[in-house]
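A look at the structure
The residues making up each chain are set out below.
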Amino acid sequence: MNILIKDILTLLSDGEKKLKAEVCSVYIKNKKIESINTEPEGFIADKTIHGSGKMLMPGLINAHTHASMTVLRNCADDLLFDEWLFGRIMPLEDKLTGEDNYWATTLAIMEMLRTGTTSYIDMYYFLDDLARAVDDTGMRAVLTRGLIGNADDPEAGAIRMREAIEAYEKWKDHDNISFMLAPHAPYTCDDVFQREVAAEARNLGLGIHTHISEGLVEIDTIRDKYGCTSTELMDKTGLLSNRTVAAHCVQLTDSDIKIMAERGVTIVTNPVSNLKLANGIAPVPKMLKAGINVALGTDGAASNNTLNMFRELAVLSILHKGINHDALAVTAEEALLIATKGGAKAMGRNDLGEIKVGNTADLIILNLETPNMQPINNPISALAYSTNGSEVETVIVGGKILMENKEFTTVDEKKVYHEVSKICERIGTR
Ligand code: NI
């Protein structure tokens, strides 16, 4: 399908770490951005979108979430981390079936599309059902099976690893789905199991997705058991490399930051989830200064409680200014780059996160004719500070329109709400 997006204010790269906004016409052929401003020879648009009053930008990349946790939204709030996870969330998760995960993930994808996200990195279980939801909706995702394994129950770790590899083998050739291995966290995977996962990832040529240094209890647990930090432990077990995507990293020491930078790890910061679970604030300005690739994630809807990346990127920027007493700590431009190019790098994709010729067409169109977006004095500031996600009108993933004028093209919205409601009734979230 050929799409022409005509005369639209467009967010473009201006060198490696700068952004600019200019009125452009963007020509999309099949999955790719074929040309900008110059009409390709013989191009006949199957669809033309007129850009007056709108803005075009790369789709946002949610680099850490647990999509299926939408069914656990607003059912475990105002609890401290351990009580939240072990007391409330995990017992509910034990009741979820594969089919439940399909509907819960479909709901998550709807929310992500509606608020301008075109790719996400996920960690959960029932990967085959998650992959079906991604396939049916046309979304783009990196799927990972959360792996838990320790000496008390070595067989359980092996079973989960087999599930991860089976899903990878089944779906690895899918255009919109890729995989990583996901040792859940240093407090749920002992050092022996961490080494096994690192070896398997090298063997399969897969990246690593994990949680590191999310809460204060973890710091003490790992120090008592291994006499080091979580980062040092995961470095020793071989899990840290330039193909590692580490979520949270709230409690990093300066020496941990140095290790992360040396290994080329991507850190996914999740400011809203960290604040809501009272885990603290990640040292993002220090990470940026150390040259670390930082990406942005919402974490799951049970700790956020949305999957709205526009809200997340506003919080990211405002938060670090406030606590550092530095209005330049994370600028609007840096926050937007983190939510787009930073996420693309986390996924190992240099064809996403940026509008340029040859890149894959994962794009979103925002309506600027809303009170909170007017007047457009500075489009970059407007995207970072004035949006709330409701401006997103049309979403294109891999050249395919998945939402047009806020209507989903691949999902029956009412059916999803009905199915999710039945799940909540059964597992007891109310
Ligand atoms: Ni998480």
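Our subject in this report is the structure included herewith.

Here we look at helix α11 (residues 309-324)
Its 16 residues place the ends of α11 23 Å apart at the C-alpha level, agreeing with the 22 Å of an ideal helix rising 1.5 Å per residue. The set of residues buried in α11 consists of M309, F310, E312, L313, A314, L316, S317, L319, H320 and K321. If you check the start of α11, you find a side-chain oxygen 2.9 Å away from the backbone N of F310, and it comes from N308. Phi for H325, located one or two positions after α11, is positive at around 50 degrees.

Here's the deal with the layout of surface pockets
Rolled over the atoms, a probe sized like a water molecule indicates the empty space that remains. If you add up the space inside the largest pocket, you get close to 840 Å³. Contributing to the lining of the largest pocket are 29 residues, with E16, K17, I292, N293 and L337 lying nearest its centre. Broken down by secondary-structure element, the contributors of at least two residues to the lining of the largest pocket are α10 (284-289), β13 (293-296) and α12 (332-346). In terms of residues, the lining of the largest pocket owes the most to one element, α12, which gives 8 residues. Within the lining of the largest pocket, the residues separate by chemical class into 10 nonpolar, 7 polar and 12 charged. No fewer than three residues from each of domain 1 (3-58 + 357-408) and domain 2 (60-346) sit in the lining of the largest pocket. There is about 690 Å³ of room inside the second largest pocket. Considering the residues around the second largest pocket, the lining is formed by 31 residues, among which L85, M90, E93, I148 and H184 are closest to the centre. Secondary-structure elements contributing two or more residues to the lining of the second largest pocket are α1 (81-93), β7 (117-124), β8 (140-147) and α4 (154-171). With 7 residues, α1 is the single largest residue contributor to the lining of the second largest pocket.

Parameters at a glance
- Residues numbered from 1 in each chain as written.
- Predicted model: local features only at pLDDT ≥ 70, side-chain atom pairs only at ≥ 80, totals over all residues.
- Heavy atoms only, no water.
- Helix = DSSP H or I, 4+ residues; strand = E, 2+ residues; numbered from the N terminus.
- Expected span 1.5 Å × (residues − 1).
- Buried < 20%, exposed > 50% of the residue type's maximum accessible area, 1.4 Å probe, protein only.
- Polar contact = N/O pair within 3.5 Å; in protein donor to acceptor, adjacent residues only side chain to side chain.
- 1 Å grid on protein atoms, 1.4 Å probe; cavity = no way out; pocket = protein on both sides within 12 Å on 5 of 7 lines; lining within 4 Å.
- Points joined across faces, edges and corners; volume = space filled by probe spheres on them.
- Nonpolar A, V, L, I, M, F, W, Y, C, P; charged D, E, K, R; others polar.
- Domains from an automatic or database assignment.

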